Amino acid sequence: MATIFILLYALGLVVASVIGFYIRKTVGEAKIRSAEEAARQIEEDAKREAEAKKREAILEAKDEAHKLRTDLDREVKERRGEIQKLEKRLLQREEMLDHKSQNLEKKDEQMAQKEQELAELKDEALRLTQEQRQELERISALTSEEAKQLLLSTVEDEVRQEAALIVKEIEGQAKDEGERKAREIITTAIQRFAADHAAETTVSVVSLPNDEMKGRIIGREGRNIRTLETLTGIDLIIDDTPEAVILSGFDPVRREVARIALEKLIADGRIHPARIEEMVNKAQKEVEATIREQGEQAAFEVGVHGLHPELVKTLGRLYYRSSYGQNVLKHSVEVAHLCGIMASELGIDETLAKRAGLLHGLGKAIDHEVEGPHVEIGADLAKRFRESQEVIHAIAAHHGDIEATTIVAVLVQAADAISAARPGARRETLENYLKRLEKLEEIADSFEGVDKAFAIQAGREVRIMVKPDKIDDARAVLMVREIVKRIESEMEYPGQIKVTVIRETRAVDYAK
């Protein structure tokens, strides 16, 4: 019984296995068919989508090609129009040139005819002149040379007689005593006063702690050195000189401002455009204070009191000016002392003579700012601040532009000549040099829209700052050419002069 039960159980298992196999097979085939059907559906959808995108791409390409063809046709049409315009302009120019050529040929013919007429008139004038000379010689019974010699001989005799009378009269009245007294007074004045003399220079040297500082002064792409040169009008020369920078410029006030500002920047260590501008402003204030102190010191040293504050300030500016081989302020003090000594010898007002001597060169402090010679500028300045008529006249007459009518004016002339004739003075060379530099700046300043102009590089370059709201880039280019033409027509100079116009716009705001 147990054996039968086991056999039936085993048979059941076999039948169940067979049935399960057939069921799994049927289900698997159904899934496979379903998957294959889905795959075919996906493939067909992909093909349809690809065909649609292909058609869209073809349409887009056709549209783009059509657009490009349209643009090309339009550009070709425009180019053809431009070419036709150029051809038309060329034809017009050819016609104008033909017309001008015909006019020139006519003018050449007219000129040739006029030259021939002038030659005939010249020959006729020479013939008439010769006939007149022959007729005059016949009438006077003298040749032209004989008549000329006779006239010269008569005039020479008359001039000699007049000169002899004048010399005799002068010698009889004042020569011996006047010359002796004048030599004595001048010799005494020179012996009693001797002043130091400063050679004229157009460069200053600033020492550096090390050569690495040169790179910091130049700055990235040269912005630091360019800013300093622009603000001061002084040229910075950074060469192979170890631990030194050279400041070059004809205006000593600007050069002193640049020197002080550069030394402050080196000591501070922070060198950038904003800091440079701040230091230049501080240096300008220091120089102005020095100018006021030097003017007061000069007046105190000479013993001249009661000067107008503006005259004292103007006098102090002479501390930074040089002329005739001397510092102009020292020269003025020297002239004042010489005038005082000679006045005391002659028994006239010593204080008045000193005052005139001290103020005689006043115009040189502002002659680069005001039009005219420094003699007239100084006289006008003294008149404006209510100096006495004797002082004004002495200032106006100290170079002989007008006749000296007072003893004080004559003393100022003599003292100025004595001081200027000291050894080492080189009058004409330096004066011409300064006038050339001032003329450069004057020409540049005469143009509308110019803010500042600086002559640098010993007069080989003029750098011009223009107002950006009045001068645009195109006008700046034209301005350079106009300034160059003015310089070429109005000045004489060696070599060439570089003209640089700088147009700069700044936008400034503050973060709060």
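Residues numbered from 1 in each chain as written. Predicted model: local features only at pLDDT ≥ 70, side-chain atom pairs only at ≥ 80, totals over all residues. Heavy atoms only, no water.

Let's talk about the overall build of the chain
When its secondary structure is counted, the chain shows 14 helices and eight strands. Per-residue burial for the chain yields a buried fraction of 32% across its 512 residues. Of the contacts formed within the chain by residues at least 6 apart in sequence, a portion of 63% connects residues at least 24 apart. When the accessible surface of the chain is totalled, it reaches about 34,300 Å², and 54% of it is carbon and sulfur. (Helix = DSSP H or I, 4+ residues; strand = E, 2+ residues; numbered from the N terminus. Buried < 20%, exposed > 50% of the residue type's maximum accessible area, 1.4 Å probe, protein only. Contact = heavy atoms within 4.5 Å. Areas by Shrake-Rupley, 256 points an atom, 1.4 Å probe, with all protein chains shown as cover.)

Quick word on the packing of aromatic side chains
Inspection of every chain in the model, using the stated rule, returns one aromatic pair. Their ring planes at 80° and their centres at 5.0 Å tell us that Tyr319 and Tyr320 sit as a pair that is edge-to-face. (Phe/Tyr/Trp six-rings, centres within 6.5 Å; stacked < 30°, edge-to-face > 60°.)

Describing the nonpolar core
Formed by 43 residues in total, the largest nonpolar core has its most connected members in Leu307, Leu315, Leu358 and Leu359. Where this core is concerned, the elements lending two or more residues are α6 (273–302), α7 (309–317), α8 (328–346), α9 (350–359), α10 (374–384), α11 (389–397) and α12 (407–420). The element best represented in this core is α8, accounting for nine residues. Apart from the residues lying within four places of it in its own chain, the contact partners of Leu358 are Ala299, Val302, Val304, Leu307, Leu315, Ser332, Val333 and Ala336. In terms of nonpolar packing, the next biggest core, distinct from the first, is built from 26 residues, Ile225, Ile234, Ala283 and Ile291 among them. (Core = buried A, V, L, I, M, F, W, Y, C linked by side-chain atoms within 4.5 Å.)

Re the environment of Val480
For Val480, the position within the fold is in helix α14 (residues 473–490). Along the primary structure Val480 and Thr500 are separated by 20 residues, whereas in three dimensions their C-alpha atoms are 7.1 Å apart.

Details of the pairing of strand β6 (residues 450–456)
Counting buried positions over the seven residues of β6 gives five, a clear majority of the element. In this structure, β6 lies alongside strand β7 (residues 461–466), joined through six bridges in antiparallel fashion. In the strand pairing of β7, Ala453 is matched with Ile464. (Pairing = 2+ DSSP bridges.)

Some remarks on unusual backbone geometry
Here Glu221, not a glycine, exhibits a phi torsion of approximately 55°, which is positive. Tracing the backbone shows Glu221 in the loop between α3 (212–218) and α4 (223–232).

Let's talk about the packing of α11 against α12
Where α11 meets α12, the closest approach of the two axes is 8 Å, and the angle between their N-to-C directions is 40°. By the angle class used here, α11 and α12 are oblique. Considering the relative orientation of α11 and α12, their crossing is right-handed. Where α11 abuts α12, its residues His393, Ala394 and Ala397 lie against Val408, Ala409, Val412 and Gln413. Residues of the contact of α11 with α12, tallied by class, amount to five nonpolar, two polar and no charged. (Axes fitted to C-alpha atoms, helices over the stretch in contact; angles between N-to-C directions. Parallel < 35°, antiparallel > 145°, perpendicular 65-115°, else oblique. Left-handed = near helix turned anticlockwise from the far one by under 90°. Nonpolar A, V, L, I, M, F, W, Y, C, P; charged D, E, K, R; others polar.)

Examining a nonpolar patch on the surface
On the surface, Leu11, Val15, Ile19 and Ile23 cluster together to form a nonpolar patch covering roughly 370 Å² of accessible area. By the secondary structure assignment, Ile19 is in helix α1 (residues 2–140). (Patch = residues over 30% accessible without salt bridge, like charges linked within 9 Å, V, L, I, M, F, W, Y side chains within 5 Å. Salt bridge = Lys/Arg side-chain N within 4 Å of Asp/Glu carboxyl O.)

Some points on the sheet that holds β6
Strands in a sheet are paired, the pairing made by backbone hydrogen bonds, and the direction either parallel or antiparallel. Reading across from one edge, β6-β7-β8 is the order of the three strands in this open sheet, with mixed pairing throughout. Of all strands in the sheet, those bounded by a partner on one side alone are β6 and β8 (498–503). Adjacent strand axes in the sheet meet at a mean angle of 15° when their direction is disregarded. Note: β7 against β8, six bridges, orientation parallel. Note on β8: the bridge partner recorded for Arg463 is Thr500.

Notes on α10
Three or more residues of α10 are buried, namely His374, Val375, Ile377, Gly378, Ala379, Leu381 and Ala382. On the buried face of α10, the contacting elements are α7 and α11. One or two steps after α10, the chain reaches Arg386, where phi turns positive at roughly 60°.

Observations concerning the environment of Gly378
Within the element layout of this structure, Gly378 appears in helix α10. In the structure, Gly378 is positioned 13 residues away from Ala365 in sequence and 8.8 Å away in space, judged by C-alpha atoms. Setting aside residues up to four positions removed in sequence, Gly378 forms contacts with Leu362, Gly363 and Ile395.

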